[in-house]
Amino acid sequence: MTTQIDPAPVASGPAVTTAPRSAKQRRGREGRGWPFVVPFLVIATLFLIVPTLYGLGLSFTEQSLMGNGGWVGLDNYAEALSDSTMWATLGHTIAFTVMSTVPLVLVALVMALLVYTGLPGQWLWRLAFFAPYMLPVAVVVQIWVWLFQPEIGFLNYWLDRFGLDKVGWLTDTNVAMWSMVLLTLWWTVGFNFLLYLSALQAIPDQMYEAAALDGAGSWRRLFSITLPQLKGTTVLITVLQLLASLKVFDQMFIAFNGGSGPGGVTRPILQYIYDTGFTGYRMGYASAMSYIFFALIIVVTVVFQAFTTRRREAGRGR
């Protein structure tokens, strides 16, 4: 006969009950994040929202740096829309945007691919590609103004050595804008290069390994795997570059000592707005032009985003 021994009793603590929290408790937990949000809201209100609303109100007045101006309603906007100089400078800005965006995207992609595919001395190439982006604009412009010097500049020196005619990099109306594009490309392409390199490193290696097992060569893997995986990054870089190029001001203003360049071909709209407000003392009119330009930037961004979204959806539908 066997004796059944009961297991020793296991000490147990108080039963844990998970009663549903009340609405008041949930609100209390959700409200704990406000101390982290308030500093941002204060800064955004003081330095973004208030100046934006103040500038909008200013655009309906004849405000001047020399004194207060009266209310003029939409007169500043009507004058701006018929201002041939504003449209000319806007055309210069758009031309620079088109001329600079394409190489800034393509060159950054090529640079990232060269580093990603195992170019010898990668740390040196990464440093060389990204270092110019860390320089202040005044330093960059001064470097390139020396390179662009007509008689003693580095570029014309080598053109002369090869028996070619010297170029008026900053004085020829057909070349001056391209000179600003070249300067901007050298200065800012490192940021786009970094974005592309990060996107390349995020592509799973298994995709390349599977393609290699199927017999795909380097070019096939580039066009079938790498470039399709970079579509999202390319859209992001293009949008950022469009916005940055439309806001061009510093390099042109410094390179031409506040002037408008040869024949005024390098004068962007932001410089015209600056000259109108701080040289012509017409702050109200300058504000109106600023908001017209701001509206155009919003339109460009929305149209580009809608276009890329439609193409992405069309690609998925296939």
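Not measured: the values here are computed from a predicted model.

Chemist: Any chance you could break down the environment of Met111 for me, citing the residues and the numbers?
Modeler: In this structure, Met111 sits in helix 4 (residues 84-116). The class of Met111 is buried, set by a relative accessible area of 9%. Separated by 86 residues in sequence, Met111 and Leu197 place their C-alpha atoms 8.6 Å apart.

Chemist: Residue-level account of the UniProt feature "transmembrane region" (unreviewed entry) in the chain, with values.
Modeler: The UniProt feature table records "transmembrane region" (unreviewed entry) at residues 34-56, 94-116, 123-147, 175-197, 230-249 and 288-308. For residues 175-197, the helix share is 96%, the strand share is 0%, and the end-to-end C-alpha distance is 32 Å.

Chemist: So, the confidence of the model for the chain: which residues are in play, and what are the values?
Modeler: Mean pLDDT over the chain stands at 87; residues scoring 70 or higher make up 89%. Low confidence marks residues 1-5, where pLDDT is under 50. Its contacts with residues over four positions away, or in another chain, come to zero contacts.

Chemist: Explain the pattern of salt bridges residue by residue, including any values.
Modeler: Within the structure shown, the criterion is met by four salt bridges. Notably, a salt bridge pairs Glu79 with Arg282, separated by 3.0 Å at the nearest N-O pair. Of the two residues, Glu79 sits in helix 3 (residues 75-81) while Arg282 sits in the loop between helix 13 (269-279) and helix 14 (283-317), which places them 203 residues apart along the sequence. A salt bridge links Arg267 to Asp275; its shortest N-O distance comes to 2.9 Å. Through salt bridges that share partners, Glu62, Glu79 and Arg282 make up one connected network.

Chemist: Tell me about the environment of Leu119, and name the residues and values.
Modeler: Looking at the secondary structure, you find Leu119 in the loop between helix 4 and helix 5 (122-130). The exposure class of Leu119 is partly exposed, given its relative accessible area of 24%.

Chemist: For the packing of aromatic side chains, give the residues involved together with the corresponding values.
Modeler: Applying the stated criterion across every chain yields a total of 17 aromatic pairs. Taking 6.3 Å as the distance between ring centres and 40 degrees as the angle between the ring planes, the aromatic pair formed by Trp158 and Phe162 counts as tilted. On the numbers, 5.8 Å between centres and 55 degrees between planes, the contact of Phe249 with Tyr274 is tilted. Highlighted residues: Phe249 in the loop between helix 11 (231-246) and helix 12 (250-255) and Tyr274 in helix 13, separated in sequence by 25 residues. Phe249 gets classed as buried once you look at its relative accessible area, which sits at 19%. For Tyr274, a relative accessible area of 33% corresponds to the partly exposed category. Three or more aromatic residues link up through ring pairs in this structure, and these residues are Trp144, Phe148, Trp169 and Trp186.

About the cut-offs
- Residues numbered from 1 in each chain as written.
- Predicted model: local features only at pLDDT ≥ 70, side-chain atom pairs only at ≥ 80, totals over all residues.
- Heavy atoms only, no water.
- Helix = DSSP H or I, 4+ residues; strand = E, 2+ residues; numbered from the N terminus.
- Buried < 20%, exposed > 50% of the residue type's maximum accessible area, 1.4 Å probe, protein only.
- UniProt positions renumbered as here; feature names shortened; annotations may be inferred.
- pLDDT = per-residue confidence, 0-100.
- Contact = heavy atoms within 4.5 Å.
- Salt bridge = Lys/Arg side-chain N within 4 Å of Asp/Glu carboxyl O.
- Phe/Tyr/Trp six-rings, centres within 6.5 Å; stacked < 30°, edge-to-face > 60°.

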